[in-house]
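An overview of the molecular structure
Each chain, written out:
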Amino acid sequence: MSAPKALILRAPGINCERETHHAFTRAGATSEYLHIQQLLQDPRQLDRFAILAVPGGFSYGDDISSGRVLAQEMKGKLGERVLQFVDRGGLVLGICNGFQVLVRLGLLPCTKARLEEEVTLTHNLSSHYECRWVTLKTEKSRCLFLPAGLLLRWPAAHGEGRLVARDAATQQLLVDEGFAAVRYVDDAGEPTERYPQNPNGARLGIAGLCNHNGRVLGVMPHPDRSYLPTHMPDWRRTMLAHGKLPEDGDGMVVFREMVKVAAAEG
Amino acid sequence: MQAWRIDVLAKADQLDPVGDAAKRALTAAGLSGITGVRARRGYLLGAELTAQQVEGFARDVLCDPVVEQFVVHAPGARPAPAADIHAVTIVPRPGVTDPVAHSVQKALNDMHLPMVAAGTYRCFDVRGLERSDVVKSQLLQAARKGLANDTVQELLFDTIPDGLPGAPPPPDLAVQSVPLAGLDEAALVALSQKGGLALDGHEMKAIQSHFDGLGRAPTRLELETLAQTWSEHCKHKTLTGTVRFEGRTIDNLLKSTIAKVTRDLDRDFCVSVFVDNAGIVKFDDEDSVCIKVETHNRPSAIEPFGGAGTGVGGVIRDVLGTGLAARPIANTDVFCFAPPDLGRAELPQGCLHPLTVLKGVVAGVRDYGNPMGIPTVNGSVHFDEDFVGNPLVYVGNVGILPTARAHKKANPGDKIVALGGRTGRDGIHGATFSSLELHTESETLSSGAVQIGDPITERKVMDAVMACADRDLFSAITDCGAGGFSSAVGEMAEGLGADVQLDAAPLKYAGLAPWEIWISEAQERMVLAVPPAKLDELLQLCEAEACEAVVLGTFRDDNRLIVRHQDVVHADLDLHFLHDGLPKRVLEASYKAPAHREPTLPPEQDHGAALLKVLGDFGVCSKEWIVRQYDHEVQAASAGKPLCGVREDGPADAAVLAPKLGSLRGVVLANGLNPRYSKIDPAAMAECALDEAMRNVVATGGDPDYTVVLDNYCWGNTRDPQCLGELVRATEALCALATTYRTPFVSGKDSLHNEFRTTARTIRIPGCILVTAMSVIADVRLTLTSDLKGDGNQLVLVGTTKDELGGSVYYKSKGELGRNAPRVDPERAKATLHAVHRALQARCAVSAHDLSEGGVAAAVAEMAIGGRLGAAIDLAAMPTDGPLDPTRRMFSESQSRFLLEVPPDRLPDLRANLGDVPFAVIGQVTAAPTLRFADGARELATVAVADAERAWKAPLDLDGTLTQEVSR
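Residues numbered from 1 in each chain as written. Chains lettered and ligands numbered in written order. Predicted model: local features only at pLDDT ≥ 70, side-chain atom pairs only at ≥ 80, totals over all residues. Heavy atoms only, no water.

1. What to know about the overall build of chain A
The helix and strand tally for chain A stands at 7 helices and 11 strands. Whereas a compact globule of 266 residues would reach a radius of gyration of roughly 18 Å, chain A reaches 17 Å, a difference of no more than 12%. Its C-alpha atoms put chain A at 50 × 45 × 35 Å along the principal axes. Counting the 266 residues in chain A, one finds 67% classified as buried. In chain A, the proportion of contacts linking residues at least 24 apart, taken out of those at least 6 apart, comes to 74%. Of the roughly 8500 Å² of accessible surface on chain A, 49% is carried by carbon and sulfur atoms. Across chain A, the mean location of the 31 positive side-chain charges is 2 Å away from that of the 30 negative side-chain charges. (Helix = DSSP H or I, 4+ residues; strand = E, 2+ residues; numbered from the N terminus. Rg over C-alpha atoms; globule rule 2.2 N^0.38 Å. Buried < 20%, exposed > 50% of the residue type's maximum accessible area, 1.4 Å probe, protein only. Contact = heavy atoms within 4.5 Å. Areas by Shrake-Rupley, 256 points an atom, 1.4 Å probe, with all protein chains shown as cover. Lys, Arg positive; Asp, Glu negative; His and termini not counted. Charge placed at Lys NZ, Arg CZ, Asp CG, Glu CD.)

Below, the structure written as structure tokens:
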């Protein structure tokens, strides 16, 4: 079984490409950077890959609103092609700004298998950027690669992460129909809208979404900053308790499972 | 120029956090009665677009269809404002960078719409206020305090922006000659002052005689070039001058003190020091790390947001331009402000309120550092009334580069390539402005020296430079900082010469005179020397990275700097004169110790209350509100975070980075500064800064024998002999200690003349040396945090406590300064640093904290807050120099002390590692979350950890969310 190839998208203002590249490589993928300009010149390049990752950052400064300008740039030439990529068995991961881009593009949650903006990620209730570790629970969802029932600690770092659906029905659908793959939870492990466990005020504590066929995942908090054991904020306590560091940090599961599924399907 | 206006705002049924934040800001600025604020984002688009195009663009791009709505106003339409609101509109002033407008144009292009002019504004609809002139002026005043800055933005009341700026008047392209022949010194000085050149009589005379020798007058561009290059900011005339002090003549203070330490120590891990933008230090067999700290005080005083942001941008470019390009991996920042609760009546005219400065500076660092994708990992904030007119903003950056790329050299024939942002009229005279003192009028006179940053342009520059560096496409690189092209090209051309065509520089807008292009300090620009054979590949690569690059000229071999505009020569300067013609300054220095006395205070009645007061001091208190707004995780190198403990809210002494992903090799990064000691003795301030930086490094697991340091001076007017004497005294103390510690200085900077002149008095900052320390370690798994880990562990105090409350937080809480500022005993301090390091590497402790402001009491409290555990302390057990009362034991700020948390079974090993360094078990960690202090058998104070936490978090809980959590 050959290593699945992961495309790590670069664009002006995307700034988490190195750690995303490393995390996928560490999980066994062959990672390759591609700048959005190169990809737009020949969108067929997408077909060489099993995985598309849109890393975090501030694409085009997050001017106008987060992810908007990059999503707009991709929409015409690339939007439908990414949809085909997914339909043909590709997997997509959007982290933080990457998640915002996928949402603006209509690729998430994509409940009706067509590109439209059903939800948004908008200003945190605090109205400013915030960086803090949060506890997440992976829900039983459509996502093909994220195991359910895990409690994970990842850092959130964003100013526009409050998930709002366009109407109450869509909001409920996200939870009831398995689109809300990752949620912020409180000390008791229950989904929460309360600050600071939920850092932005996202409705129903939704921190991450997958699409209708479970091949696309977007998350606001960063698995790409929590995949090594020394990334974890409390690794010293873990080391004191167990005498050594664990193999992975909490974010690694996303990359490992994604690469595993891609390899199995490959 | 009339334009389409598009207003985007939250739908009526949606929350509006931006509007809510504006309401809080206006209310905090003293405006009462507001019932609600709705925020609008405004866009201006060229009138050439059709209504249909504008409508489509607004719908598809400008507006978030889920939560927002938009309104389009046709060019020239002036709708009447709604009757029940007041609208405050904030528009960037002409010429001020508007990064969002560039993205709007990009999106127009992506949608295949015509390229038209674009602009943005913000608007706040305020409800609940009456209609009256009084309300209008109150609202505008509050908006100036809380929402906007007059210097770079225009505030409109109940009216709409006129449209987009029209075409500027054509520039004066003629060569301007400035006759100097025959002028006496007074006339020369007057000419310098009028032109904002910041050159003194000697310097003007040297220029005059140089051009007399040439038989011609200098051109304006030549004179500006000399003024930029000879500015204090660029040449450090004071620190490199000759100083007469206490009967000695010190030739080149910097060289004979700071640089001498480094030279004499000759540490083998120093790769490149004092010759490049940043000091370069060996990291491992392949790579080196480099570090630089800068100040951006003057711009931040006038426009905190833009000043701090462009400070961050500038120091990032410094590192990017180090060697043959280093990749920036971390930011640090240290601020000094007046207390944020300063009464409005105590605020001198012409100063921004310290809380406004603090919020603006934090937002500036946030909105530049975060988009750059560089984590802000470490810093500190200090408060003193004397920073009211001159807040200090230190910004630092660390980079990593292959050691093989540590050196650069441009060659004759190399192309001069300018990369990145376009040149505008922003930041003209920044270098010379920073060499003058501020006064009540500075805000209005010097607005041109202030810039707004555009981090995304810088990010593109960074991506392009790193791509070109990896392919070895250039032979030298430097950043455009103070003095713009004039300094960057002038510096690179030293020993070579250069021929520059200014009209090749891309401009933000038309209308710039050649001299303006040459000295503009527009941000986000780098200059590269590119061998002709590699030029095409470099230009292609820059295009692929969406980064503008142009050939500005060619390096020569005759040491002449020729600057042309449309083939007309505007400067023809001998580079030897430009770089070496500056007359050496001779400065007088003297030092007389100030006559402070130790206060005679009544015995402390309530040590618990005293501790809470110390924890609530602005300098000691939690900086979580600031820290959380910075991205400290990006790049995934963080192995030791700015906040630690079970709830990640305890203070960390230093940052730990493992910058090569997958490798455990790391960097420990820390700072030391205490301005208040300077008021008693600048030597104490300097020593304590170095010792504190070293303690922070060592407590976190850094290696004191593999640590480099940086010296960053902020000082008052050094033309005053006493003020300069203080600087010399501080420098000599700092150097003596660094020599003992064997810590070389690898980079430094100075910002002088930090004084603010009001009509009544001159406010001088206390002389400050920020010491930044960086240690390279083999394994980040041997680093520690400060939060308590386990019930029953022993608390071990290492080091001797003395009668040193001078300048302490405890005295400050009593309204006193005192005289006994802490001093450092070099040999004992060194032994302590190394012994503690040995013990920590042997895993004798599970947590460690340095003792600084607030003494042992504050340190114990901070460790307990982080670990959500308690501690029982017996002060009588502390090693002291002679008898010491319990109050002094609790709060003395004696240096070279650590508090370690040691599991009982590790005590014998700890003892063996500490050797003859004084230490004692002074208490135990308890499961009960209480801090108990006893003096032998006598109970002194009992404080609940939750109360300590509340006191510690309250002062800078600017969102009101931190203290809410305590009761949880």
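What follows continues from the structure just given.
2. A look at the sheet that holds strand β2 (residues 36-46) of chain B
Residue and element names in this part refer to chain B. Read across the open sheet, the 6 strands follow the order β3-β1-β2-β5-β4-β6; overall the sheet is antiparallel. Of all strands in the sheet, those bounded by a partner on one side alone are β3 (68-73) and β6 (153-157). If you compare each strand with its neighbour and ignore which way they point, the axes differ by 25° on average. Bridging between strand β4 (residues 85-92) and strand β5 (residues 118-127) involves 6 bridges; their strand directions are antiparallel. Residue pairing across strands places Ile85 opposite Arg127, the latter belonging to β5. (Pairing = 2+ DSSP bridges. Axes fitted to C-alpha atoms, helices over the stretch in contact; angles between N-to-C directions.)

3. Remarks on the sheet that holds strand β24 (residues 638-640) of chain B
Hydrogen bonds between backbone atoms are what pair the strands of a sheet, whose relative direction is either parallel or antiparallel. Residue and element names in this part refer to chain B. The strand order β24-β27-β28-β33-β29-β30 describes an open sheet built from 6 strands, whose pairing is mixed. Every other strand in the sheet has two partners, leaving β24 and β30 (745-751) as the edge strands with one partner each. Between one strand axis and the next, the sheet turns through 20° on average, direction left out of account. Sheet topology note: the strand β29 (residues 707-714)/β30 ladder contains 6 bridges and is parallel. By the bridge assignment, Leu710 is partnered in β30 with Ser747.

4. Focus: the nonpolar core
Counting 102 residues, the largest nonpolar core has Phe24 and Leu217 of chain A together with Leu62 of chain B as the members making the most contacts within it. When neighbours within four sequence positions are excluded, Leu62 of chain B is seen to be in contact with Ile64 of chain A together with Ile6, Val8, Arg41, Tyr43, Phe57, Glu68 and Val104 of chain B. Listed in part, the 69 residues of the second largest apolar core include Val668, Cys688, Val709 and Phe919 of chain B. (Core = buried A, V, L, I, M, F, W, Y, C linked by side-chain atoms within 4.5 Å.)

5. Overview of the interface of chain B and chain A
Of the residues lining the interface, 75 residues belong to chain B; the matching set on chain A comes to 64 residues. Taken together, both faces of the contact between chain B and chain A bury some 5500 Å²; the carbon and sulfur share is 55%. Considering only the side of chain B, the residues that lose the most area to chain A are Val66, Arg628 and Leu661 of chain B, jointly responsible for 10% of the buried surface there. Across the contact surface, chain B and chain A share 9 salt bridges. For Arg459 of chain B, the salt bridge is made with Glu17 of chain A, and the minimal N-O distance between the two is 3.1 Å. Our count for the chain B to chain A interface comes out at 25 residue pairs in polar contact (both at pLDDT 80 or more). (Buried area = accessible area lost by both parts, 1.4 Å probe. Salt bridge = Lys/Arg side-chain N within 4 Å of Asp/Glu carboxyl O. Polar contact = N/O pair within 3.5 Å; in protein donor to acceptor, adjacent residues only side chain to side chain.)

6. Structural notes on helix α1 (residues 17-26) of chain A
Among all positions of α1 of chain A, only Glu17, Glu19, Thr20, His21, Ala23 and Phe24 of chain A are buried. Its buried side turned inward, α1 of chain A meets β1 (5-10), β2 (30-35), β3 (51-54), β4 (91-95) and α7 (252-265) of chain A together with α16 (455-470) of chain B. Within two residues after α1 of chain A, Gly28 of chain A carries a phi angle of roughly 105°, on the positive side.

7. What about the domain arrangement of chain B?
Domain assignment breaks chain B into domain 1 (3-157), domain 2 (408-582) and domain 3 (786-968). Summarising the inter-unit geometry, the C-alpha centres of domain 1 of chain B and domain 3 of chain B are found 51 Å apart. (Domains from an automatic or database assignment.)

8. Brief notes about the packing of aromatic side chains
All names here are of chain B. What the rule picks out here adds up to 11 aromatic pairs over all chains. Relative to Tyr706, the ring of Phe269 has its centre 4.7 Å away and its plane inclined at 20°; by these criteria the two rings are stacked. Of this pair, Phe269 sits in the loop between α10 (258-265) and β9 (270-272) while Tyr706 sits in the loop between α24 (682-700) and β29, and the two are 437 residues apart along the sequence. Like Phe269, the residue Tyr706 is buried in the burial classification. (Phe/Tyr/Trp six-rings, centres within 6.5 Å; stacked < 30°, edge-to-face > 60°.)

9. Describing the packing of helix α12 (residues 304-320) of chain B against helix α13 (residues 354-372) of chain B
Residues and elements named next belong to chain B. It is at 7 Å that the axes of α12 and α13 come closest, and there the two elements cross at 35°. Classified by chirality, the crossing of α13 by α12 is right-handed. Taken together, the residues of α13 that come into contact with α12 (itself represented by Pro304, Phe305, Ala308, Gly309, Thr310, Val312, Gly313, Ile316 and Arg317) are Thr356, Val357, Gly360, Val361, Ala363, Gly364, Val365, Asp367, Tyr368, Gly369 and Met372. (Left-handed = near helix turned anticlockwise from the far one by under 90°.)

10. Observations regarding the pairing of strand β13 (residues 376-383) of chain B
All names here are of chain B. Counting buried positions along β13 gives 6 out of 8 residues, so the element sits mostly inside the fold. Where strand β12 (residues 327-337) and β13 come together, 7 bridges link them in parallel fashion. Directly across from Phe335, in β13, lies its bridge partner Val381.

11. Brief notes about the side chain of Asp750 of chain B
Residue and element names in this part refer to chain B. Within the element layout of this structure, Asp750 appears in strand β30. For the buried residue Asp750, which engages in no salt bridge, the nearest side chain bearing the opposite charge is Lys749, 6.9 Å off. Those residues in contact with Asp750 that lie beyond four places of it in its chain are Glu232, His236, Leu239 and Tyr713.

12. Section: the pattern of salt bridges
All names here are of chain B. Per the counting criterion, the structure on display carries 91 salt bridges over all chains. Salt-bridge contacts for Asp472 lead to Lys534; the nearest nitrogen and oxygen are separated by 3.6 Å. You can see Asp472 sitting in the loop between α16 and β17 (476-479) and its partner Lys534 sitting in the loop between β19 (525-530) and α19 (535-544), a full 62 residues away along the chain. On the basis of relative accessible area, Lys534 is assigned to the partly exposed category, the value being 27%. Here Arg695 and Asp850 are joined by a salt bridge, their closest N and O atoms 3.0 Å apart. With Arg695 in helix α24 and Asp850 in strand β35 (residues 847-850), this pair connects stretches of sequence that are 155 residues apart. The same class applies to Arg695 and to Asp850, which are both buried. What emerges from the salt-bridge pattern is a single network uniting Asp200, Glu203, Glu232, Lys237, Arg585 and Arg719.

13. Some thoughts on the packing of helix α27 (residues 826-841) of chain B against helix α30 (residues 907-914) of chain B
Residues and elements named next belong to chain B. It is at 8 Å that the axes of α27 and α30 come closest, and there the two elements cross at 145°. Viewed along their axes, α27 and α30 form a crossing whose handedness is right-handed. When α27 is examined against α30, the residues Ala835, Val836, Arg838 and Ala839 are found in contact with a partner set consisting of Leu910, Asn913 and Leu914. Of the residues belonging to the contact of α27 with α30, the class tally is 5 nonpolar, 1 polar and 1 charged. (Nonpolar A, V, L, I, M, F, W, Y, C, P; charged D, E, K, R; others polar.)

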